[in-house]
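Listed here are the chains, written in short residue letters.
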Amino acid sequence: MGAEPHLETERSLDSLFSALDGKLADGLPARILGIYDDGKEWWIQVARGDDDINTIVVRLSRFASVFNAVAALRRWNWSGTNAPRIVRAMSLV
């Protein structure tokens, strides 16, 4: 019998955090501030280096891979805005 669905999700989120935290995002290490699971997609708030002001939110389908999320981080360019921007990485619309 398979693991409980919430335990599978928890493991997936832990794996996602481990894979993304510290990856380079426009030359600086990404810092995962939080991951929210809305039941359909994961929303990952990311800061770059020690900048907690200019963050992004990666909107990631549960069917996407870590590689899709890393690619989204690599596309991140500093925008100079105070509001988080949403970067879609294989998201459902």
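The structure this text deals with has already been given above.
Predicted model, so just to flag it, every value in this text is computed and none were measured.

Caption draft 1: Representation of the side chain of Arg 59 within the structure. Take Arg 59: it is sitting in strand β4 (residues 51–61). Taking the relative accessible area as the measure of exposure, Arg 59 reaches 13% and is therefore buried. One polar contact links Arg 59 to Glu 41, side chain to side chain, over a distance of 2.7 Å.

Caption draft 2: Spatial organisation of the nonpolar core. Counting residues in each nonpolar core, the largest one holds 20 residues, and the members touching the most others are Leu 20, Ile 44, Val 46, Val 58, Leu 60 and Leu 73. Those elements that place two or more of their residues in this core are α1 (5–20), β2 (28–37), β3 (41–48), β4, α2 (66–74) and β5 (85–89). Looking at this core, the element that brings in the most residues is α2, giving four residues. Aside from chain neighbours lying at most four places away, what touches Val 58 is Trp 42, Trp 43, Ile 44, Val 46, Ala 72, Leu 73, Val 87 and Ala 89.

The rules we used
- Residues numbered from 1 in each chain as written.
- Predicted model: local features only at pLDDT ≥ 70, side-chain atom pairs only at ≥ 80, totals over all residues.
- Heavy atoms only, no water.
- Helix = DSSP H or I, 4+ residues; strand = E, 2+ residues; numbered from the N terminus.
- Buried < 20%, exposed > 50% of the residue type's maximum accessible area, 1.4 Å probe, protein only.
- Polar contact = N/O pair within 3.5 Å; in protein donor to acceptor, adjacent residues only side chain to side chain.
- Core = buried A, V, L, I, M, F, W, Y, C linked by side-chain atoms within 4.5 Å.
- Contact = heavy atoms within 4.5 Å.

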